[in-house]
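Per-entry structural report
The lines below spell out each chain.
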Amino acid sequence: MGKFPGGKVESGEQLEAALMREIKEELDCRISIKNHLLTTDHIYDFGTVKIDVFVCELVDEQPQCLEHNEIRWLESNELSDLDWAEADLPIVSYLNKMHA
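Residues numbered from 1 in each chain as written. Predicted model: local features only at pLDDT ≥ 70, side-chain atom pairs only at ≥ 80, totals over all residues. Heavy atoms only, no water.

1. Side note on the overall build of the protein
- Each helix and strand in the protein was counted, giving 2 helices and 2 strands.
- Each helix and strand of the protein, placed in order from N terminus to C terminus, yields the pattern α-β-β-α.
- A globule of 100 residues ought to have a C-alpha radius of gyration of about 13 Å, and the protein, at 14 Å, matches this closely.
- Each of the three principal axes of the protein carries a C-alpha extent, and together these read 30 × 30 × 25 Å.
- Looking at the protein residue by residue over its 100 residues, the buried ones come to 27%.
- When contacts within the protein are restricted to residue pairs at least 6 apart in sequence, long-range pairs at least 24 apart make up 50% of them.
- Here the protein has roughly 7,100 Å² of accessible surface; of this, 50% comes from carbon and sulfur atoms.
- On the protein, the mean spot of the 9 positive side-chain charges and the mean spot of the 21 negative ones are 3 Å from each other. (Helix = DSSP H or I, 4+ residues; strand = E, 2+ residues; numbered from the N terminus. Rg over C-alpha atoms; globule rule 2.2 N^0.38 Å. Buried < 20%, exposed > 50% of the residue type's maximum accessible area, 1.4 Å probe, protein only. Contact = heavy atoms within 4.5 Å. Areas by Shrake-Rupley, 256 points an atom, 1.4 Å probe, with all protein chains shown as cover. Lys, Arg positive; Asp, Glu negative; His and termini not counted. Charge placed at Lys NZ, Arg CZ, Asp CG, Glu CD.)

2. A short note on unusual backbone geometry
- Here Asp 28, not a glycine, exhibits a phi torsion of approximately 50°, which is positive.
- Among the structural elements, Asp 28 can be located in the loop between helix 1 (15-27) and strand 1 (31-44).
- Assessed through its relative accessible area of 32%, Asp 28 is described here as partly exposed.

3. Section: the environment of Leu 74
- Topologically, Leu 74 is positioned in the loop between strand 2 (47-58) and helix 2 (89-98).
- The exposure class assigned to Leu 74 is partly exposed, which follows from its relative accessible area of 27%.
- Residues within four places of Leu 74 in sequence aside, it is in contact with Leu 79 and Leu 82.

4. Describing the side chain of Asp 88
- Along the chain, the position of Asp 88 falls in the loop between strand 2 and helix 2.
- Apart from residues no more than four positions distant in its own chain, Asp 88 is found in contact with Gly 2, Lys 3, Phe 4 and Ile 51.

5. Considering the nonpolar core
- Ranked by size, the top nonpolar core spans 10 residues in total: Leu 37, Leu 38, Ile 51, Val 53, Leu 79, Trp 84, Ala 87, Ile 91, Val 92 and Leu 95.
- Of all the secondary structure elements, the ones that give two or more residues to this core are strand 1, strand 2 and helix 2.
- Take this core: its biggest share by element is 3 residues, from helix 2.
- In this structure, Leu 19, Leu 27, Cys 29 and Phe 54 belong to the second largest nonpolar core, which totals 6 residues. (Core = buried A, V, L, I, M, F, W, Y, C linked by side-chain atoms within 4.5 Å.)

6. Brief notes about the state of the cysteines
- This model, assessed by the stated rule, comprises 0 disulfides.
- Its sulfur unpaired, Cys 29 is 9.8 Å from the next cysteine sulfur, which belongs to Cys 56.
- Free of any disulfide, Cys 65 has its nearest neighbouring cysteine sulfur in Cys 29, separated by 11 Å.
- Accessibility expressed as a relative area gives 38% for Cys 65, which makes it partly exposed. (Disulfide = S-S within 2.5 Å.)

Purely geometric numbers; function is a separate question.
Written out as structure tokens, the structure is:
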């Protein structure tokens, strides 16, 4: 299943700081956040998941597979080839439209 990197924001943590921390924990690399792209909400049985999407750039290290089976760079037209979590589908759709 496809998954965008990131995770939960800790109490008192800013969105950008949470993303930088999560990327370091999951992929052992540093990023520079360029801008906020969009926010989506998805309702699951257990509650609502809010996802803030940012455009980022690698700073210096290459990502390492610490918490995932595989890291894959994809063109926007290849995103639909993966099986995504329901909450990620609006992001995939937005990226496909953005680069159509």
